[in-house]
Amino acid sequence: MKIYSNAGGMAETNAYMLVDEATRRAALIDAPQNTTASLLAVAKEQGYDVEFLLLTHGHWDHISDHKVVTQAFPNAKVLIHQLDEPKLQNPGSLLFELPYQIPPRDADAYIEDGQKIHIGQVVLAAMHTPGHAEGHVVFYANELGVLFAGDLLMAGAVGRYDLEDGDVAVLKKSLHRVMLLPDATRVLPGHGPATTIGQQRQSNPFIREWQLG
């Protein structure tokens, strides 16, 4: 397995491409503005077939490049939790006007809690983790010890809960759920550098104050 990443857009949001080298199948996780073209170029060059765009949630900074992905790989399926599909159908920011347009679209299929998503021989388990967004999900590769955390958990921080569909009590429950994962679990967040569950258990001020570790 290989994981490629790129960060960009107005919020410096991370995009990831997960590749199963044995089968040459791949998936993108989130699609921030001006981040996916370089990942897709690698996929074309290496002969990877991008089967999915998996969206952790529908906030504008995570979905901006969705059309770039499906233009490059027309058979790629765009998946999101049903509760966040309205953000994909009517994209934009509630806080300010974006200087660019995000084309609206429907999801090709929905992501459900406990769902197993197969990228070749790699299995991602989806976990519904609301609190930052009502339909927020994370993806956990148990055999690889990797958590694609979206905006749930970041190095030294957690997702904002003061947005329209944020809820701090719900966010705490979602964080508690992922903090049950092994300390060695590598956390690949929606913003900022990679970390581990163990590092966040020890040093994340929110995890410590809320006694979620």
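This text gives an overview of the structure that appears in the document. (Residues numbered from 1 in each chain as written. Predicted model: local features only at pLDDT ≥ 70, side-chain atom pairs only at ≥ 80, totals over all residues. Heavy atoms only, no water.)

**Side note on the sheet that holds strand β14 (residues 195–196)**
In spatial order, the strands read β7-β8-β9-β10-β13-β14; together these 6 strands make up an open sheet with mixed pairing. Single-partner strands in this sheet number two, and they are β7 (116–119) and β14. In the sheet, strand β8 (residues 122–128) pairs with strand β9 (residues 137–141) via 4 bridges, with the strands oriented antiparallel. Counted as the bridge partner of Met 127 is Val 138 from β9. (Pairing = 2+ DSSP bridges. Helix = DSSP H or I, 4+ residues; strand = E, 2+ residues; numbered from the N terminus.)

**Notes on the nonpolar core**
By size, the foremost hydrophobic cluster in this structure holds 26 residues, and its most contacted members are Met 17, Leu 28, Tyr 48, Val 50, Leu 53, Leu 55 and Leu 88. Counting residues per element, the ones that place at least two in this core are β2 (13–20), β3 (25–29), α1 (36–46), β4 (49–54), α2 (60–63) and β5 (77–80). Ignoring sequence-local partners within four residues, the contact set of Leu 88 consists of Leu 55, Ile 63, His 66, Val 78, Ile 80, Pro 103, Pro 104, Arg 105, Asp 106 and Ala 107. Counting residues in hydrophobic clusters, the runner-up holds 19 residues, among them Ile 29, Ile 119, Ala 126 and Val 146. (Core = buried A, V, L, I, M, F, W, Y, C linked by side-chain atoms within 4.5 Å. Buried < 20%, exposed > 50% of the residue type's maximum accessible area, 1.4 Å probe, protein only. Contact = heavy atoms within 4.5 Å.)

**Things to note about empty space enclosed by the protein**
Under the defined criterion, the tally for this structure stands at 1 cavity of 30 Å³ or more. Counted as a void, the largest cavity has a volume near 30 Å³. Sorting the residues of the lining of the largest cavity by element identifies β10 (146–150) and β13 (186–189) as the ones contributing at least two each. (1 Å grid on protein atoms, 1.4 Å probe; cavity = no way out; pocket = protein on both sides within 12 Å on 5 of 7 lines; lining within 4 Å. Points joined across faces, edges and corners; volume = space filled by probe spheres on them.)

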